[in-house]
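Residue-level listing of the chains:
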Amino acid sequence: MLTQAFVAVTALAGGSALIVAEPLPQTATVLSPPEDYLLGTPFTSYLVPGLLLAVVVGGVHTAAFLLNLTRSSWRVLGAATAGFALLIWIFVQMVFIPFSFLQAVYFVAGLAEIGLIMLALGITDPAAGESRSR
């Protein structure tokens, strides 16, 4: 749950920063990466990546956090969706922009989310696997 909250807050903040930097070019150096990172991508500005980061990554993590907080029966699916959304975001990002320490941090966070889901479902328990195969 803590990882979901961390990713939700930082994705919403990061996406918002990219969105705000678009109409305010004087803030671009502070709020967004260099424009050079967009070369070779399908994007001409950071507006769409900012929206995707805030809405998809931040939104899915916020929903997963709230599902966990309310102990919803959908919490496992929400957590798995959030973990995979984060990993997909990082994989795609790494194709287009140079490696950064933050990519490693969020990659580990996504792996942790998926690993915790596997533990919660008992997938990593060899004894549980034997009983499922019968």
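Check the entry above for the structure.
Criteria and thresholds
Residues numbered from 1 in each chain as written. Predicted model: local features only at pLDDT ≥ 70, side-chain atom pairs only at ≥ 80, totals over all residues. Heavy atoms only, no water. Phe/Tyr/Trp six-rings, centres within 6.5 Å; stacked < 30°, edge-to-face > 60°. Helix = DSSP H or I, 4+ residues; strand = E, 2+ residues; numbered from the N terminus. Buried < 20%, exposed > 50% of the residue type's maximum accessible area, 1.4 Å probe, protein only. Axes fitted to C-alpha atoms, helices over the stretch in contact; angles between N-to-C directions. Parallel < 35°, antiparallel > 145°, perpendicular 65-115°, else oblique. Left-handed = near helix turned anticlockwise from the far one by under 90°. Contact = heavy atoms within 4.5 Å. Nonpolar A, V, L, I, M, F, W, Y, C, P; charged D, E, K, R; others polar. Patch = residues over 30% accessible without salt bridge, like charges linked within 9 Å, V, L, I, M, F, W, Y side chains within 5 Å. Areas by Shrake-Rupley, 256 points an atom, 1.4 Å probe, with all protein chains shown as cover. Salt bridge = Lys/Arg side-chain N within 4 Å of Asp/Glu carboxyl O. Core = buried A, V, L, I, M, F, W, Y, C linked by side-chain atoms within 4.5 Å. Expected span 1.5 Å × (residues − 1).

What follows covers the packing of aromatic side chains. Inspection of the entire model under this criterion finds two aromatic pairs. Look at Phe 6 and Tyr 106: their rings are 5.8 Å apart centre to centre, the planes differ by 10°, and that puts the pair in the stacked class. In this pair, Phe 6 sits in helix H1 (residues 2-21) while Tyr 106 sits in helix H5 (residues 101-121), placing the two residues 100 residues apart along the sequence. Looking at Phe 6, the relative accessible area reads 41%, which means it is partly exposed.

This part takes up the packing of helix H3 (residues 47-69) against helix H4 (residues 75-96). Where H3 meets H4, the closest approach of the two axes is 8 Å, and the angle between their N-to-C directions is 155°. Between H3 and H4, the crossing angle belongs to the class labelled roughly antiparallel. Seen along the crossing, H3 lies across H4 with a hand that is left-handed. Contacts between H3 and H4 involve Pro 49, Leu 52, Leu 53, Val 57, Val 60, His 61, Ala 64, Leu 67 and Asn 68 on the former and, on the latter, Arg 75, Gly 78, Ala 79, Thr 81, Ala 82, Gly 83, Ala 85, Leu 86 and Trp 89. Residue classes in the contact of H3 with H4 are distributed as 12 nonpolar, five polar and one charged.

The subject of this paragraph is a nonpolar patch on the surface. Taken together, the side chains of Leu 47, Val 48, Leu 51, Leu 52, Val 55 and Val 56 make up a nonpolar region of the molecular surface, amounting to roughly 450 Å² of accessible area. Mapped onto the fold, Leu 52 is located in helix H3. On the basis of relative accessible area, Leu 52 is assigned to the partly exposed category, the value being 36%.

Following the sequence through the fold, Pro 42 ends up in the loop between helix H2 (28-31) and H3. The class for Pro 42 is exposed, based on a relative accessible area of 62%. Along the primary structure Pro 42 and Phe 96 are separated by 54 residues, whereas in three dimensions their C-alpha atoms are 9.8 Å apart.

Counting 11 residues, the largest nonpolar core is built from Val 7, Ala 11, Leu 18, Leu 38, Tyr 46, Leu 53, Val 57, Leu 86, Ile 90, Tyr 106 and Ala 109. Those elements that place two or more of their residues in this core are H1, H3, H4 and H5. Filtering out sequence-adjacent residues up to four positions away, Leu 86 remains in contact with Val 7, Val 57, His 61, Tyr 106, Ala 109, Gly 110 and Glu 113.

Within the secondary structure, Gln 103 sits in helix H5. When residues no more than four places from it in sequence are discounted, the contact partners of Gln 103 are Ile 90, Gln 93, Met 94, Ile 97 and Pro 98.

This part takes up H3. End to end, H3 covers 31 Å across 23 residues, agreeing with the expected 33 Å (1.5 Å per residue, within 8%). Where H3 is buried, its residues touch H1, H4 and H5. Just past H3, the residue Arg 71 takes up positive phi, approximately 55°.

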